[in-house]
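So the chains spell out like this:
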2 protein chains.
Amino acid sequence: MTRFSFTIAATDGRARTGAIAMQRGTIRTPAFMPVGTAATVKAMRPADVEAAGADIILGNTYHLMLRPGAERVARLGGLHGMMGWSRPILTDSGGYQVMSLADLTKRSEEGVSFKSHLDGSRHLLSPERSMEIQRLLGSDIVMAFDELVPTTSTKEVQAAAMERSMRWAKRSRAAFDAGEEHAAGAALFGIQQGALDEQLRGASAQALIDIGFDGYAVGGLAVGEGQDAMFACLDYAPSQLPVDKPRYLMGVGKPDDIVGAVERGIDMFDCVLPTRSGRTGQAFTRDGPINIRNARFNEDQGPLDPACPCPVCRTWSRAYLHHLVRAGEILGAMLMTEHNIWFYETLMADLRAAIGEQRLAGFAASFRDRYRAGQGETR
Amino acid sequence: MTRFSFTIAATDGRARTGAIAMQRGTIRTPAFMPVGTAATVKAMRPADVEAAGADIILGNTYHLMLRPGAERVARLGGLHGMMGWSRPILTDSGGYQVMSLADLTKRSEEGVSFKSHLDGSRHLLSPERSMEIQRLLGSDIVMAFDELVPTTSTKEVQAAAMERSMRWAKRSRAAFDAGEEHAAGAALFGIQQGALDEQLRGASAQALIDIGFDGYAVGGLAVGEGQDAMFACLDYAPSQLPVDKPRYLMGVGKPDDIVGAVERGIDMFDCVLPTRSGRTGQAFTRDGPINIRNARFNEDQGPLDPACPCPVCRTWSRAYLHHLVRAGEILGAMLMTEHNIWFYETLMADLRAAIGEQRLAGFAASFRDRYRAGQGETR
């Protein structure tokens, strides 16, 4: 069986649609990966995540290394066996989260040492340890370990972080390859850094290409720079990366962020937005997001989104979901999350179809117009 | 179609197995009714409640009249339409909960006035208003409105409460019958009171029989008197009620409570235990309850209960559930609840089969021995 192959079936402008073939299954691109932080896509059964159209989910190295622990996950059959998900899993490197969530972090050329926010225990994350953890988790797509600095840092600081990330990418590659049995079935992605600087992004891309990866992520975006700045960066960053490999925009995003990024040549996405929003009463609809707690929904017998094919919209009314969410019922979080994941996965299917039929510009414009007009109305 | 008929297919000692036929479906007895307090069996989809084997669920008048409100439920298609459950629903009268949960209750011959714990609004529950609310909810089995006093009250207080409950039962009957359209498809149950006093229970039963009901509940038990005292009461209370009508033991109970009550002639049960326990990490097993948070389960790859046919036990390990519950994940509450409901419904199916084959005594003894031995081991 093929370890990893990326086939582009059609292009439309800079956008592409195709498929990544891996041993545990095929990932249709552009793809959205629901986030399963702690070995669960929150409030959803794996079978329902699959039914929504997800070909791959994401697991978080930082959370899993602390609880239940990577070695324990390995003894329990890896992430797939433990959580009952048989399709591919991408794991992040822990780099982003250790720097945003952990206590008392100390960075050095070796890596990042930190204190667990759960029990105060000390840990080290380095390229080598990150590769080991992702191997223990049984990850299908492993991310290189990188360093992040705020986008507001000076160019000097950005350049230094990017250069260290490239040295860490090389160490990640070596450590990944050393785990021969795992490497024979898994893929390794490098992460482009360089903030909003085209020259730094170009140098980072070249360094990654020199090392060689199965896919390339655009890192360091969606951290508060705003959609205009992000799109400006995506006007050049993807083209600096190999055309024949998947491009993954990490941590993005809102539905219209995804549409604009697909138009700019991105193939893969992940974001906590559909799951987290589902737990706080926000539903995504083709007419923009709505907050189901709003009193105007208390006797609204329509579905969350009349155009949505999901089991929630086929069965329950806005009024019932309003009641469940107001009453703090777990079923409210379950159903809102399921709808939101369907919304995202259906959007990806629509984007793939539009690219396949060379009508992406029209689809994107009409999606955006309706989504943004609705937002204005419902906020 | 038949409005309400109860057929006894087989008896074994005082125990009976059979079926209640109603317009929305057949209820196999002995039956366990999962509790759907606020128009949801907490953390479960209706289809999964049905798949577990439940023929009927229970809704709470007190909670629903306050949120979302009985008139609103009626406008949203009744409980069935709103929550997507097409089989029978039994609603309680609100009597028990208004006296245990509400603020500033004032009792009189008219009924109970109280302040909502949600928004401070004042409400009245009376036999007439309780019947109206249960009609607005679209209840299939309506419970008469009754008065409860602590089991530790004097016999004089108990007798007075029982006698008032019987006057309220008569008013409930009249108000139920006045809602002709609803009464043509629904059933009304009376509730026997009289605490732990055989003479009071007998007088209560006779008063109810004189009024005439479709079924009869044994009320006022499982309120702290202990299993021995409850069973002592169940040694005479069911036989005071008509043999050809269903007998419902309200709010019971633990698995071995149910087994003992079935042996004493009870046909219907409801209890929050399987759902509430599921949200706090307790799983029921044939070897007694276990708390999945216990560290000894952290690498236990077996199912919650090796003999359980439920989807949770077929898919996930104790170790994974331990992780989910420890991490506060919603999926943990979902899966633990689903297993517990399956445990209860499977127990009812086993009891029905044992009665049908005249081997209840053996089944009950062996269930009890194993369940209690296991409890000792795992606590």
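Here the structure is shown first, and the text comes after it.
Keep in mind the model is a prediction, meaning the values are calculated, not measured.

Novice: Sorry if this is basic, but what is going on with the relation of the copies chain A and chain B here?
Specialist: There are two copies of the chain, and a rotation about an axis plus a shift along that axis relates them. Once chain A has been moved 0.0 Å along the axis and rotated by 180 degrees, it coincides with chain B to within an RMSD of 0.0 Å. Read as a symmetry element, the transformation amounts to a two-fold axis. Every residue of chain A has its C-alpha some distance from the rotation axis, and the shortest such distance is that of Ile330(A), at 3.7 Å. Here 100% of the interface residues in chain A have copies in chain B that are interface residues too; the copies meet face to matching face.

Novice: Please clarify how the interface of chain A and chain B should be interpreted in this entry.
Specialist: The extent of an interface is frequently quoted as the accessible surface area lost upon association of the parts. Across the boundary between the two partners, chain A contributes 35 residues, which contact 35 residues of chain B. Together chain A and chain B conceal approximately 3,300 Å² of surface at their shared face, both sides included; 54% is due to carbon and sulfur atoms. It is Arg45(A), Glu299(A) and His323(A) that lose the most area in chain A upon contact with chain B, and together they represent 19% of the buried surface on that side. On the surface where chain A and chain B come into contact, there are ten salt bridges. Linking Arg75(A) and Glu299(B) is a salt bridge whose minimum nitrogen-to-oxygen distance equals 2.5 Å. Our enumeration of links across chain A and chain B arrives at 16 residue pairs in polar contact (both at pLDDT 80 or more). Those elements that provide at least two residues to the side of chain A that touches chain B are helix 1 (46-51), helix 3 (70-75), helix 4 (78-83), helix 14 (318-326) and helix 15 (330-356) of chain A. Residues that form the side of chain A that touches chain B fall into these classes: 19 nonpolar, five polar and eleven charged.

Novice: Could you clarify how one ought to interpret helix 6 (residues 127-137) of chain B in this entry?
Specialist: One full turn of an α-helix is made of 3.6 residues, so residues set three or four places apart face in the same direction. All names here are of chain B. Those residues of helix 6 that sit buried are Pro127, Ser130, Met131, Ile133, Gln134 and Leu137. The buried residues of helix 6 occupy an angular sector of 160 degrees when the element is viewed end-on, so they sit on one face. Count one or two residues on from helix 6 and you reach Gly138, which has phi positive near 80 degrees.

Novice: Would you explain the environment of Gly220(B) in this entry?
Specialist: Residues and elements named next belong to chain B. Secondary-structure assignment places Gly220 in the loop between strand 12 (215-218) and helix 10 (227-234). Residue classification places Gly220 among the buried residues on the basis of a relative accessible area of 16%. Residues Gly220 and Ala169, spaced 51 residues apart in sequence, show a C-alpha to C-alpha distance of 15 Å. When near neighbours in sequence (up to four residues on either side) are disregarded, Gly220 contacts Thr151, Gln193 and Arg201.

Novice: Looking at this structure, I do not really get the pattern of salt bridges. What am I missing?
Specialist: Opposite charge on two side chains makes pairing possible when the charged atoms of those side chains draw close. Within this structure, the stated rule accounts for 58 salt bridges over all chains. Between Lys42(B) and Glu329(A) there is a salt bridge, and its shortest N-O distance comes to 2.5 Å. Of the two residues, Lys42(B) sits in the loop between strand 4 (31-34) and helix 1 (46-51) while Glu329(A) sits in the loop between helix 14 and helix 15, which places them in two different chains. We classify Lys42(B) as partly exposed; its relative accessible area is 23%. Salt-bridge contacts for Arg87(B) lead to Asp55(B); the nearest nitrogen and oxygen are separated by 3.9 Å. Taken together, the residues Arg87(B) in the loop between helix 4 (78-83) and strand 6 (89-91) and Asp55(B) in the loop between helix 1 and strand 5 (57-59) connect sequence positions 32 residues apart. Note on Arg87(B): relative accessible area 24%, which makes it partly exposed. Take Asp55(B): its relative accessible area is 8%, and that puts it in the buried class. Members of the salt-bridge network, linked through shared partners, are Arg107(A), Glu109(A), Glu147(A), Arg164(A) and Arg167(A).

Novice: Hey, could you run me through the sheet that holds strand 3 (residues 25-29) of chain A in this one?
Specialist: Strand pairing in a sheet is mediated by backbone hydrogen bonds. Such pairs are either parallel or antiparallel. All names here are of chain A. The three strands lie next to each other as 1-2-3, forming an open sheet whose pairing is antiparallel. A strand with exactly one partner marks an edge of an open sheet, and here the two such strands are strand 1 (4-12) and strand 3. For this sheet the average axis-to-axis angle between neighbouring strands, irrespective of direction, equals 15 degrees. Two strands pair when backbone bridges link them, and strand 2 (residues 15-22) and strand 3 are joined in this way by five bridges, in the antiparallel orientation. Paired with Gly18 across the two strands is Thr29, which belongs to strand 3.

Quick notes on the rules
Within each chain, residue numbers correspond to sequence positions counted from 1 in written order. Chain letters start at A and ligand numbers start at 1, both assigned in the order the entries are written. Restriction of local features to residues with pLDDT of at least 70 applies here, the model being predicted, together with a cutoff of 80 or more for giving and counting side-chain atom pairs; totals for whole chains, interfaces and linings are based on all residues. To obtain the side-chain values, all non-hydrogen atoms of the structure were used and water was disregarded. Here the copies were fitted onto each other by least squares, based on C-alpha atoms from residues at pLDDT of at least 70 in both. Contacts are residue-level and defined by heavy atoms, with any inter-residue pair within 4.5 Å sufficient. Reported buried area values correspond to the accessible surface (1.4 Å probe) lost by two parts on association, with both partners' losses combined. By convention in these notes, a salt bridge is any Lys or Arg side-chain nitrogen within 4 Å of a carboxyl oxygen on Asp or Glu. The term polar contact refers here to a pair of N or O atoms within 3.5 Å; inside protein, the definition further demands a hydrogen-donor-capable atom paired with an acceptor-capable atom, and it admits residues adjacent in sequence only when both atoms are side-chain atoms. A run of DSSP states H or I qualifies as a helix once it reaches four residues; a run of E qualifies as a strand once it reaches two. Both are numbered from the N-terminal end. Ten residues, namely Ala, Val, Leu, Ile, Met, Phe, Trp, Tyr, Cys and Pro, are considered nonpolar, four, namely Asp, Glu, Lys and Arg, are considered charged, and the remaining ones, Gly among them, are considered polar. The buried label applies to any residue whose accessible area, calculated with a 1.4 Å probe on protein chains only, is under 20% of its type's maximum; exposed applies above 50%, and partly exposed to all values in between. As used here, the arc belongs to the directions running from the helix axis to the C-beta atoms. Strand pairing is assigned whenever DSSP detects at least two bridges linking the two strands. Axis definition: a line fit to C-alpha positions, over the contact stretch in the case of helices; interaxial angles, taken between N-to-C directions, run 0 to 180 degrees.

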